Amino acid sequence: AFCPTNIIVTGGCGFIGSNFVHYVVENHPEVHVTVLDKLTYAGNPENIAGLPAGRVELVVGDICDAGLLDRVVPGHDAVVHFAAESHNDNSIADPEPFLRTNVEGTFRLLEACRKFDVRLHHVSTDEVYGDLALDDPARFTEETPYRPSSPYSSTKAASDMLVRAWVRTYGVRATISNCSNNYGPYQHVEKFIPRQITNILDGVRPKLYGDGRNVRDWIHTEDHSSAVWTILTRGIIGETYLIGADGERSNIDVLRAILAAMGREPDDFDWVKDRPGHDRRYAIDSAKLRRELGWEPRHTDFMSGLEQTITWYREHESWWRPSKEATEAKYAKQGQ
Ligand code: NAD
Ligand code: DAU
């Protein structure tokens, strides 16, 4: 096994990155984490506040800044790369930052890892595989051809290809994971589940795109963290692993579960304009990760994970309130 003691976590002030930092601090006392984060609209230093200063250091900066990487990367055992522009709707409204951070940023990190011989784990998404029909029994595997639909997913696909090329051509020691939709604490209110919870808390009706039958494969973010740690420490260089927890659900089912858990009527929501190019269904077959590396998800009861998440948003209004108004103003402009 690979036993890193000094890692960089890019995007460690975002949703999944900060949950990963908490996971490492709680479960791997020998590891020091340097968070490298630009603090975009999606990055919030509060997400890692209160963690022991001796264990976690925040460097505010851009992964596209090669000079900064030259100073920060040396001396670390590994880079765990979460930093990205992550929201599909934003990528449709303005794709440019997605090209810069997701493609150029990954390129810069690869160059730094090559120069200083540092291992890289690249965090990617199941969206690189495009979508499946609702009635298709198939799920995505590591062999599914790339067929991304959105500006966001096309830039993530490009970043995966760069990682594979740098492994093969330059011998960079890298692994890749492609995970399904995460939920849990610290998720930005632009995303589906937190948007609907905080709308209900605000007395505003939730907003459902299209016909509401699109399917996402939900995984608790803590299970994503344990999977990334497993791949970082036990994964084989050059390999890709799909991460998923058999959590397929239609959007309308998820929304009705939120409404029920929050004491609302099942039809107390608004149908809004569909997302252009909206992927129909995602579904992950994570057999390789389970079989080869022995990983298992722990949060297999979606309803209880969802209820805990609702409670977290109820108890952390001061965390989400500052970004709520601007987020809803953006959606209103798009008719969503
Ligand atoms: P997020 O938008 O919540 O957080 C992204 C973080 O990256 C923020 O802290 C932001 O400040 C930082 N960042 C953005 N541009 C940067 C730059 N140029 N330099 C340094 N830092 C920068 O994203 P998330 O939902 O936590 O997703 C994290 C990663 O996981 C992404 O790579 C995403 O593609 C992938 N992923 C997400 C999901 C999901 O369901 N959200 C599922 C699978 C994979
Ligand atoms: O599959 C992994 C991907 O999951 C990650 O790569 C992305 O970073 C992450 O944002 C997520 O992408 P989605 O587009 O699936 O997530 P989002 O939360 O934006 O939307 C989930 C579903 O809910 C999608 O079918 C669109 C729908 N939706 C979304 C919003 C914000 C609504 O119906 N209403 C809404 O208000």
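Criteria and thresholds
- Residues numbered from 1 in each chain as written.
- Chains lettered and ligands numbered in written order.
- Predicted model: local features only at pLDDT ≥ 70, side-chain atom pairs only at ≥ 80, totals over all residues.
- Heavy atoms only, no water.
- Helix = DSSP H or I, 4+ residues; strand = E, 2+ residues; numbered from the N terminus.
- Buried < 20%, exposed > 50% of the residue type's maximum accessible area, 1.4 Å probe, protein only.
- Contact = heavy atoms within 4.5 Å.
- Areas by Shrake-Rupley, 256 points an atom, 1.4 Å probe, with all protein chains shown as cover.
- Lys, Arg positive; Asp, Glu negative; His and termini not counted.
- Charge placed at Lys NZ, Arg CZ, Asp CG, Glu CD.
- Near = heavy atom within 4 Å.
- Polar contact = N/O pair within 3.5 Å; in protein donor to acceptor, adjacent residues only side chain to side chain.
- Nonpolar A, V, L, I, M, F, W, Y, C, P; charged D, E, K, R; others polar.
- Pairing = 2+ DSSP bridges.
- Axes fitted to C-alpha atoms, helices over the stretch in contact; angles between N-to-C directions.
- Parallel < 35°, antiparallel > 145°, perpendicular 65-115°, else oblique.
- Phe/Tyr/Trp six-rings, centres within 6.5 Å; stacked < 30°, edge-to-face > 60°.
- Lys NZ or Arg CZ within 6 Å of the ring centre and 35° of its normal.
- Core = buried A, V, L, I, M, F, W, Y, C linked by side-chain atoms within 4.5 Å.

## Some thoughts on the overall build of the protein
Thinking step 1. Secondary structure summary: the protein contains 11 helices and 13 strands in total.
Thinking step 2. The principal-axis extent of the C-alpha atoms belonging to the protein is close to 55 × 45 × 35 Å.
Thinking step 3. A total of 336 residues make up the protein; the buried ones form 56% of that total.
Thinking step 4. Within the protein, residue pairs in contact and separated by at least 24 positions form 81% of the contacts whose partners lie at least 6 positions apart.
Thinking step 5. For the protein, the computed accessible surface area is about 13,700 Å², with 50% contributed by carbon and sulfur atoms.
Thinking step 6. The average position of the 37 basic charges and that of the 49 acidic charges among the side chains of the protein differ by 2 Å.

## A short note on the site of ligand 2
Thinking step 1. As a matter of local geometry, ligand 2 sits amid 25 residues, with Thr125, Asp126, Tyr152, Arg275 and His278 nearest to it.
Thinking step 2. In this structure, arginine 195 approaches ligand 2 through a side-chain N or O atom, which is 2.7 Å from an oxygen atom.
Thinking step 3. At 2.6 Å, a side-chain N or O of arginine 275 approaches an oxygen atom of ligand 2.
Thinking step 4. Coverage of ligand 2 by the protein chains reaches 95% of its 690 Å² of free accessible surface.
Thinking step 5. Mapped onto the shell around ligand 2, the elements with two or more residues apiece are α6 (192-201) and β8 (207-209).
Thinking step 6. Counted by class, the shell around ligand 2 contains seven nonpolar, 10 polar and eight charged residues.

## Thoughts on the sheet that holds strand β1 (residues 6-10)
Sheets are built from strands paired through backbone hydrogen bonds, the pairs being either parallel or antiparallel.
Thinking step 1. Taken together, the seven strands give an open sheet; going across it, the order is β3-β2-β1-β4-β5-β6-β11, and neighbouring strands pair in parallel fashion. Strands at the two margins of the open sheet, each flanked by one partner only, are β3 (56-60) and β11 (240-243). Averaged over all adjacent pairs, the angle separating strand axes in this sheet is 20°, with direction ignored.
Thinking step 2. Here β1 runs beside strand β4 (residues 78-81); their pairing, made up of four bridges, is parallel. Opposite threonine 10, over in β4, you have histidine 81 as the bridge partner.

## A word on the packing of helix α10 (residues 302-315) against helix α11 (residues 317-333)
Thinking step 1. Their axes nearest at 6 Å, the elements α10 and α11 cross at an angle of 80°. The pairing of α10 with α11 is recorded here as roughly perpendicular in orientation. Contacts between α10 and α11 involve Trp312, Tyr313, Arg314 and Glu315 from the former and Glu317, Trp319 and Trp320 from the latter.
Thinking step 2. By residue class, the composition of the contact of α10 with α11 is four nonpolar, no polar and three charged.

## Things to note about the side chain of threonine 309
Thinking step 1. With respect to the element layout, threonine 309 can be found in helix α10.
Thinking step 2. On the accessibility criterion, threonine 309 (1% relative accessible area) is buried.
Thinking step 3. Beyond its immediate chain neighbours, meaning those up to four positions away, threonine 309 contacts Tyr183, Gly184 and Ile197.

## A few points about the pairing of β11
Thinking step 1. Where burial is concerned, the two faces of β11 agree: the one with Thr240 and Leu242 and the one with Tyr241 and Ile243 are both buried.
Thinking step 2. As paired strands, strand β6 (residues 174-179) and β11 are joined by four bridges and run parallel to one another. Paired with isoleucine 176 across the two strands is threonine 240, which belongs to β11.

## A look at the packing of aromatic side chains
Thinking step 1. Summed over all chains, the structure comprises 15 aromatic pairs.
Thinking step 2. Put simply, the rings of Tyr129, Phe140, Tyr146 and Tyr282 touch in pairs and so form one group of aromatic residues.
Thinking step 3. A cation over a ring is seen here: arginine 119 above phenylalanine 2, with NZ or CZ 4.6 Å from the ring centre.
Thinking step 4. In this structure, arginine 195 is placed above the aromatic ring of tyrosine 331, and the distance from its NZ or CZ to the ring centre is 3.8 Å.

## Looking at the site of ligand 1
Thinking step 1. Surveying the vicinity of ligand 1 reveals 28 residues, the closest of which are Ile16, Asp37, Ser86, Tyr152 and Lys156.
Thinking step 2. Take asparagine 182: an N or O atom from its main chain is 2.9 Å from an oxygen atom of ligand 1.
Thinking step 3. At the level of elements, α1 (15-27), β5 (119-125) and α5 (151-170) are the ones that each hand at least two residues to the shell around ligand 1.
Thinking step 4. Element by element, the count of residues in the shell around ligand 1 is highest for β5, at three residues.
Thinking step 5. Residue composition of the shell around ligand 1, by class: 12 nonpolar, 12 polar and four charged.

## With respect to the environment of phenylalanine 116
Thinking step 1. Mapped onto the fold, phenylalanine 116 is located in helix α4 (residues 96-116).
Thinking step 2. With near-sequence residues (within four places) excluded, phenylalanine 116 lies in contact with Leu69, Asp70, Val73 and Pro74.

## Brief notes about the nonpolar core
Thinking step 1. Within the largest apolar cluster, 32 residues are counted, with the highest numbers of intra-cluster contacts made by Ile7, Phe20, Val21, Val33, Val80 and Ile243.
Thinking step 2. Those elements that provide at least two residues to this core are β1, α1, β2 (32-37), β4, α7 (221-234), β11 and α9 (287-293).
Thinking step 3. Setting aside residues no more than four positions away along its own chain, valine 33 makes contact with Ile7, Val9, Val21, Val24, Arg55, Val56 and Glu57.
Thinking step 4. Membership of the second largest hydrophobic core comes to 24 residues, among which are Tyr183, Ile200, Ala257 and Phe269.

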